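# Examining the three-dimensional arrangement
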Amino acid sequence: MTDRKLHLVIDRPEPGEWYGRLDVGEALETAGWTTDPASGALRHPSGAAWCVVNESDDSGLDCPNGSVIEFPGSTPTVVIVAACLAAAATP
């Protein structure tokens, strides 16, 4: 098995700019997640799915084991991405 490393550079928006959770979406797409056209959620082949649930940037992660994790809009990008990657890697 080959060790794979994911290196992400996530720029902070300038004051007054709004990216929503585009930062999380781009990081997950870089890691191989794809957008489900029906729901807009990002999905991993493991069954994990993440999506933004409202205009306040609150989001949720459905884990392959059935757990659901909710993230307030103020959750740092790196925390959400780490949780998503961990959920996708869990057997």
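Look a little higher up for the structure.
Residues numbered from 1 in each chain as written. Predicted model: local features only at pLDDT ≥ 70, side-chain atom pairs only at ≥ 80, totals over all residues. Heavy atoms only, no water.

### Some details on unusual backbone geometry
Non-glycine residue Asp 57 carries a positive phi angle of around 70°. Take Asp 57: its relative accessible area is 13%, and that puts it in the buried class. (Buried < 20%, exposed > 50% of the residue type's maximum accessible area, 1.4 Å probe, protein only.)

### Looking at the nonpolar core
The biggest cluster of nonpolar side chains holds 16 residues, and the ones touching the most others in it are Leu 28, Trp 33, Trp 50, Leu 61 and Cys 84. Put simply, the parts of the chain that give this core at least two residues each are α1 (22-30) and α2 (77-89). The biggest single contributor to this core is α2, with five residues. The residues contacting Leu 61, other than those within four sequence positions of it, are Trp 33, Ala 48, Ala 49, Trp 50, Ser 67, Val 68, Ile 69, Phe 71, Ala 83, Cys 84 and Ala 87. (Core = buried A, V, L, I, M, F, W, Y, C linked by side-chain atoms within 4.5 Å. Helix = DSSP H or I, 4+ residues; strand = E, 2+ residues; numbered from the N terminus. Contact = heavy atoms within 4.5 Å.)

So yeah, pure geometry; function would need other evidence.
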